Amino acid sequence: MVRPSSSVLLVGLLWLYCWGAMAQAGEEYMAYKDPKQPLNRRIKDLMGRMMLEEKIGQMTQLDRANVTAEIMRDFSLGSVLSGGGSVPREQASPQDWINMFNEFQKGALSSRLGIPMIYGIDAVHGHNNVYKATIFPHNVGLGATRDPELVKKIGAATALEVRATGINYAFAPCIAVCRDPRWGRCYESYSEDPAVVIQMTDVILGLQGEIPAGSRKGVPYVGGKDKVAACAKHFVGDGGTTRGINENNTVIDRHGLLSIHMPAYYHSIIKGVSTIMVSYSSLNGKKMHAHHELVTKFLKDTLKFRGFVISDWQGVDKINYPLHSNYPEAVLAGVQAGIDMVMVPFNHTEFIGIVTDHVNNKRIPMSRIDDAVRRILRVKFVMGLFENPLADESFVDKLGSQAHRDLAREAVRKSLVLLKNGENADTPVLPLPKKTKRILVAGTHANNLGYQCGGWSLTWQGVSGNNYTAGTTILSAITAAVDPSTEIVFSENPDADFLKSNNFSYAIVVVGEQPYAETKGDSLNLTIAEPGPQTITNVCGEVKCVVVVISGRPLVIEPYVSSMDALVAAWLPGTEGQGVSDVLFGDYGFSGKLPRTWFKTVDQLPMNVGDAHYDPLFPFDFGLTTDSVKQL
């Protein structure tokens, strides 16, 4: 027996050691974790390591109220969301949000492959769910500005405030083209005119960042830690439903669909939007959540969208009626239609089990699952989540910052539309004098920050009152704007005796709609909330009056216009009421233009610019202008 020499043994041991080290290094090296690797290689490497249950987990989005770090880890969930008003605690601070976000993210990172989550929230006019955030005017007001550069700045400010809470995904913008103001979401639409909505898609460049020159069109882009993934919604035709009924049926031919409701999606895709949300509504009787031809063939194949498609809240559950009936069939229809991430806010195990069964029984091909996961991972890699998964706490001071409030104030100024200013151009009422004896401020909306903000503000349906967040009411703004010697008297609904017994120089009446969102906002009568009409009648019958309407859409105003000396559409201006006083008193001129046709009676609806029967009270694009004045 030949014994090896000690030198041979040493060489052998060294070789075994080196081989083991190389093997170990090979096991540890994961291309998907290497930021130097090309995007597609990282996606391919990670997907090659994933088991079916992990892929389906990535397709699942659960509301924060039903999530734990353990669920994130055990199911490799792809996403968490906050539904409207779903918060860590009442009046939660940015740190509260960050702590919650990081807890969930650490759970995701502790899963077998450590795939980070994406966290979505309805930041639709600022970071509106969050206490003390800047709340910008709703989209209808921004449409009145006709200012894409302003909207881009608002997108960038919103992204910073969202990142201030650790969150990295905003369910915005809504690019619906509202064709009937009876729709409860009309204020989420920039305009009835698709050309205006196209302009406003520049908000995506603010939320996500400017796409580098030469980038491939259709590929999602998120430009750094101060940006968020955006979401164009709701695909497609949600603003065209019959009689404006929310989640209802849009009856339209292909030419109408492509010329009215689709153009803003094309422009959003060109601008790099990361995600697109499917509409609850139907198109010519077919639920959009089950519409393979439009979601897969048109959006993905024709428009070359490379981000991911997400359902709306329980959107798959609503494919069949009643809610959640024939759920396995609905899940099959939704996933096969091309939905990549499914919002299942309450029950992830049921959804994951059903999809797993569909795949195992060949009802859903593996190629469909892989398409969904590839798209989700593409967005996550583009966002830099694998390199920076946890909240960046350096943005905390951006929430509600003075710079953002100043921007919101500018947006309010530019959104106001002057509809009447005296009986003729020779005797304008506005701008108002700051120095006078006594001013009456009246109306339900003059001293109510919640009413100013509207729905999707602190809670899903909005709030009433001044104690829910930080901001400036219109009454406070007027009080601060006038000369110190001018007396301000506030009476919400003054009677005739009160009006006659005070010698008012003039009155500012602020009335409108109470907050609402979605279906609860559907309205067949579109009237000013009581006692608004009575306040207008009482005050304008006795005192020179300026009426300011706070609303998400045109309302029935025609019967009262003749009694008003001036009329202003202020939409839903948000937290910065000084923007209203800035223009009423002439520090800035009126410049806004109607983004919607203002009807005479609801019997005329739907009525949009270009219609044969077009006979409005105030036409689309109408808006009187004034110059700024210097007052002593």
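What you see is a predicted model, and the numbers here were worked out from it, not measured in a lab. (Residues numbered from 1 in each chain as written. Predicted model: local features only at pLDDT ≥ 70, side-chain atom pairs only at ≥ 80, totals over all residues. Heavy atoms only, no water.)

Engineer: Outline the overall build of the protein, listing residues and values.
Structural biologist: Looking only at helices and strands, the protein has 22 helices and 17 strands in total. Its C-alpha radius of gyration of 28 Å places the protein within 12% of the 26 Å reference for a compact globule of 632 residues. Overall, the C-alpha framework of the protein stretches about 125 × 50 × 40 Å when taken along its three principal axes. Put simply, the protein has 632 residues, and 61% of those count as buried. In the protein, the share of contacts with a sequence separation of at least 24, taken over all contacts with a separation of at least 6, comes to 77%. (Helix = DSSP H or I, 4+ residues; strand = E, 2+ residues; numbered from the N terminus. Rg over C-alpha atoms; globule rule 2.2 N^0.38 Å. Buried < 20%, exposed > 50% of the residue type's maximum accessible area, 1.4 Å probe, protein only. Contact = heavy atoms within 4.5 Å.)

Engineer: Lay out empty space enclosed by the protein in plain terms, naming residues and giving numbers.
Structural biologist: Tallying each qualifying case throughout the model produces six cavities of 30 Å³ or more. Estimated volume of the largest cavity: approximately 120 Å³. Elements that contribute at least two residues to the lining of the largest cavity include exactly α6 (139–145), α7 (148–163) and α9 (203–208). The leading source of residues in the lining of the largest cavity is α7, at three residues. (1 Å grid on protein atoms, 1.4 Å probe; cavity = no way out; pocket = protein on both sides within 12 Å on 5 of 7 lines; lining within 4 Å. Points joined across faces, edges and corners; volume = space filled by probe spheres on them.)

Engineer: Can you tell me about the environment of G574, naming the residues and giving the values?
Structural biologist: Inspection of the secondary structure assignment puts G574 in the loop between β17 (566–571) and α22 (578–584). Residue class for G574 comes out buried when judged on its relative accessible area of 0%. With 449 residues separating them along the chain, G574 and H125 place their C-alpha atoms 8.2 Å apart. Filtering out sequence-adjacent residues up to four positions away, G574 remains in contact with I135, F136, L449, Q452 and C453.

Engineer: Break down the pattern of salt bridges for me, with residues and values.
Structural biologist: Per the counting criterion, the structure on display carries 34 salt bridges. D122 serves as the salt-bridge partner of K233, at 3.2 Å between the closest nitrogen and oxygen. Taken together, the positions of K233 in strand β5 (residues 231–235) and D122 in the loop between β3 (118–121) and α6 put the pair 111 residues apart, joining distant regions of the chain. Accessibility assignment for this pair places K233 and D122 in one class, buried. Overlapping salt bridges, with partners in common, bring together K300, D340, R368, D371 and R375 in one network. (Salt bridge = Lys/Arg side-chain N within 4 Å of Asp/Glu carboxyl O.)

Engineer: Lay out the confidence of the model for the protein with the relevant residues and their values.
Structural biologist: Residues of the protein with pLDDT of at least 70 account for 95%, and the chain-wide mean is 95. Below a pLDDT of 50 lies the segment residues 1–26, which in the model reaches one contact outside its immediate sequence neighbourhood of four places, other chains included. (pLDDT = per-residue confidence, 0-100.)

Engineer: Talk me through the side chain of R405; I want residue IDs and the actual numbers.
Structural biologist: Tracing the sequence through the fold places R405 in helix α16 (residues 402–415). Taking relative accessible area as the criterion, R405 reaches 11% and is therefore assigned buried. In terms of polar contacts, R405 uses its side chain to reach the backbone carbonyl oxygen of K132, at 3.1 Å. Excluding its chain neighbours within four sequence positions, the residues that come into contact with R405 are K132, A133, T134, G400, A470, G471, T575 and E576. (Polar contact = N/O pair within 3.5 Å; in protein donor to acceptor, adjacent residues only side chain to side chain.)

Engineer: Which residues make up the layout of surface pockets, and what values go with them?
Structural biologist: The computed volume of the largest pocket comes to approximately 300 Å³. Lining of the largest pocket is provided by 21 residues; of these, Y280, W313, W456, W460 and E518 occupy positions nearest its centre. Within the lining of the largest pocket, the residues separate by chemical class into nine nonpolar, four polar and eight charged. (Nonpolar A, V, L, I, M, F, W, Y, C, P; charged D, E, K, R; others polar.)

Engineer: Tell me about the packing of helix α13 (residues 327–337) against helix α14 (residues 348–360), residues and numbers included.
Structural biologist: Where α13 meets α14, the closest approach of the two axes is 10 Å, and the angle between their N-to-C directions is 70°. The angle between α13 and α14 falls in the class roughly perpendicular. Crossing geometry of α13 relative to α14 is assigned as right-handed. Residue-level inspection shows Y327, P328, V331 and L332 of α13 in contact with α14, the latter providing E350, F351, I354, V355 and H358. Counted by class, the contact of α13 with α14 contains seven nonpolar, one polar and one charged residues. (Axes fitted to C-alpha atoms, helices over the stretch in contact; angles between N-to-C directions. Parallel < 35°, antiparallel > 145°, perpendicular 65-115°, else oblique. Left-handed = near helix turned anticlockwise from the far one by under 90°.)

Engineer: Can you explain the packing of α7 against α16? Please cite residues and give values.
Structural biologist: For any two helices packed against each other, the geometry is given by the interaxial angle and the distance between the axes. In the contact formed by α7 and α16, the axes pass within 10 Å of each other and the chain directions differ by 145°. Crossing angle aside, the handedness with which α7 passes α16 is left-handed. From α7, L150, K153, I154, A157, L160 and E161 reach across to α16, where they touch H404, L407, E410, A411 and K414. When grouped by side-chain class, the residues that make up the contact of α7 with α16 number six nonpolar, one polar and four charged.

Engineer: Run through unusual backbone geometry, naming residues and quoting values.
Structural biologist: For the bond running from L430 to P431, omega is 0°, close enough to zero to count as cis. A cis amide bond links L605 to the next residue, P606, at an omega of -5°. Among the structural elements, P606 can be located in the segment after α22. Its identity as a non-glycine residue notwithstanding, H324 has a phi of 75°, on the positive side. Looking at where H324 falls in the secondary structure, it is placed in the loop between β10 (308–310) and α13. The exposure class of H324 is partly exposed, given its relative accessible area of 31%.

Engineer: Give a description of the pairing of strand β7 (residues 275–278) that names residues and reports values.
Structural biologist: Both faces of the sheet carry side chains from a regular strand, because those side chains alternate between them. What you see with β7 is no split at all: T275 and M277 on one side and I276 and V278 on the other are buried throughout. Where β5 and β7 come together, four bridges link them in parallel fashion. Within β7, the position partnered with A232 by the bridge is I276. Here three bridges tie β7 to β10, and the two strands are oriented parallel to one another. Residue pairing in the sheet places I276 in a bridge with V309 of β10. (Pairing = 2+ DSSP bridges.)

Engineer: Outline the side chain of D483, supporting the account with residue identities and numerical values.
Structural biologist: Relative to the elements of secondary structure, D483 occurs in the loop between α18 (474–481) and β14 (487–491). Side-chain polar atoms of D483 contact the side chain of S485, separated by 2.5 Å. Residues in contact with D483, not counting those within four places in the same chain, are K434 and K435.

Engineer: Which residues make up the sheet that holds strand β2 (residues 79–82), and what values go with them?
Structural biologist: If you trace the five strands from one edge of the open sheet to the other, you get β4-β3-β2-β1-β11, paired in parallel fashion. Bordering the open sheet on either side are β4 (169–170) and β11 (342–343), each of which pairs with just one other strand. Against the sheet, helix α5 (residues 94–109) contacts β2 and β3, and its axis sits at roughly 140° relative to β3.

Engineer: Mind laying out the state of the cysteines, listing which residues take part and the relevant values?
Structural biologist: Across all of its chains, the model carries two disulfides by this definition. Across the disulfide, C178 is cross-linked to C186 (sulfur-sulfur distance 2.1 Å). Taking the sign of the torsion about the S-S bond as the criterion, the disulfide between C178 and C186, at about -105°, is left-handed. The same class applies to C178 and to C186, which are both buried. In this model, C540 is linked to C545 through a disulfide, with the two sulfur atoms separated by 2.0 Å. Disulfide C540 to C545: torsion about the S-S bond roughly 105°, handedness right-handed. Pair check on accessibility: C540 and C545 agree, each one buried. Among the cysteines of the protein that take part in disulfides, numbered as they appear in the sequence, the pairing is 1-2, 3-4. (Disulfide = S-S within 2.5 Å.)

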